[in-house]
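Structural description and commentary
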Amino acid sequence: MKSEFLTVEQNKRGAITKLQLNSDKSNMNWVIDPDYLKSLGYDDLDKLFGEFNITVNGQKHRSIDQVPEVSGDDAHSKIQFKVDDLSLVQQFELIGNSFKWNFTIQNNGKDNINISNLGVWISLAYVMFR
């Protein structure tokens, strides 16, 4: 996705791998880059921006173990995961000088579901430079 203000790149799973202010002359990427992790020997692709962990009825699930449906265009993207009877949807949108992120969960079944844990990764870059 790209606007006059921001460039956002996502991998095939919909996780954000680049978040860059277009006016930044240093081209800083504000999120953790999987190529950088690979170069250091880290296997932490389950912790990229937008990946999640959820415990449903006592059973743990990770988004990295799911195959999401990904769609979008230059200003929007939608990533939908199915976990048991749940639909977990993330929507990203570039609007003017802003980046909007919406995360929703819907129970598509008839039975009540107990969610005892939900963690969503917001992996901002931690490397400082001058």
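A brief structural summary. Keep in mind that what you see is a predicted model, and the values were worked out from it rather than measured.

**Some words on the pattern of salt bridges**
Summed over all chains, the structure comprises five salt bridges. A salt bridge links Arg13 to Glu51; its shortest N-O distance comes to 3.1 Å. In this pair, Arg13 sits in the loop between strand S1 (6-10) and strand S2 (16-21) while Glu51 sits in the loop between helix H1 (34-39) and strand S3 (52-56), placing the two residues 38 residues apart along the sequence. A salt bridge links Asp46 to Arg62, with the nearest nitrogen and oxygen atoms 3.3 Å apart. Of this pair, Asp46 sits in the loop between H1 and S3 while Arg62 sits in strand S4 (residues 59-62), and the two are 16 residues apart along the sequence. The exposure class of Asp46 is buried, given its relative accessible area of 16%. By relative accessible area, Arg62 is classed as partly exposed at 36%. By sharing partners, the salt bridges in this structure join Asp46, Lys47, Arg62 and Asp65 into a single network.

**Details of the sheet that holds strand S9 (residues 115-120)**
Spatially, the three strands line up as an open sheet ordered S4-S3-S9, and their pairing is antiparallel. A single partner strand is all that each edge strand has here, and the edge strands are S4 and S9. The sheet shows a mean angle of 10 degrees between the axes of neighbouring strands, direction not considered. The pairing of S3 with S9 spans five bridges and is antiparallel. Pairing of Asn53 across the sheet is with Gly119, part of S9.

**Some words on a nonpolar patch on the surface**
The grouping of Tyr36, Leu40 and Tyr42 at the surface amounts to a nonpolar patch, some 310 Å² of accessible area in total. Position of Tyr42 among the secondary structure elements: in the loop between H1 and S3.

**Examining the nonpolar core**
With 17 residues, the main nonpolar core has Val8, Ile16, Ile54, Leu88 and Phe92 as its most contacted residues. At the level of secondary structure, the elements contributing two or more residues to this core comprise S1, S2, S3, strand S6 (76-83) and strand S7 (86-95). A total of four residues in this core trace back to one element, the largest contributor, which is S7. When neighbours within four sequence positions are excluded, Leu88 is seen to be in contact with Phe52, Ile54, Ile79, Gln80, Phe81, Val83, Phe103, Thr104 and Ile105.

Conventions adopted
Just so you know, the residues in each chain are numbered from 1, in the order the chain's sequence is written. Given that the model is predicted, a residue must reach a pLDDT of at least 70 before its local features are reported, and side-chain atom pairs must reach 80 or more before they are shown or counted; all residues, however, enter totals for whole chains, interfaces and linings. Side-chain metrics rest on all non-hydrogen atoms present in the structure, leaving aside hydrogens and water. Here a salt bridge means any side-chain nitrogen of Lys or Arg lying within 4 Å of a carboxyl oxygen belonging to Asp or Glu. Numbering of helices and strands runs from the N terminus; a helix is a DSSP stretch of H or I covering at least four residues, while a strand is a stretch of E covering at least two. Relative accessibility under 20% of the residue-type maximum defines a buried residue, over 50% an exposed one, and the middle range a partly exposed one, all with a 1.4 Å probe and only protein chains included. Pairing between two strands requires that DSSP report at least two bridges joining them. As a rule, the C-alpha atoms of each element are fitted with a line to give its axis, helices using only the stretch in contact, and angles between N-to-C directions run from 0 to 180 degrees. Here the term patch refers to residues with relative accessible area over 30% and no salt bridge, with like charges joined within 9 Å and nonpolar side chains (Val, Leu, Ile, Met, Phe, Trp, Tyr) within 5 Å. Working definition of accessibility: Shrake-Rupley area with a 1.4 Å probe, residue cover restricted to the visible protein chains. In these notes, a set of buried Ala, Val, Leu, Ile, Met, Phe, Trp, Tyr and Cys residues joined through side-chain atoms within 4.5 Å is what counts as a nonpolar core. Contact between two residues is taken to exist if any of their heavy atoms lie within 4.5 Å; hydrogens are not considered.

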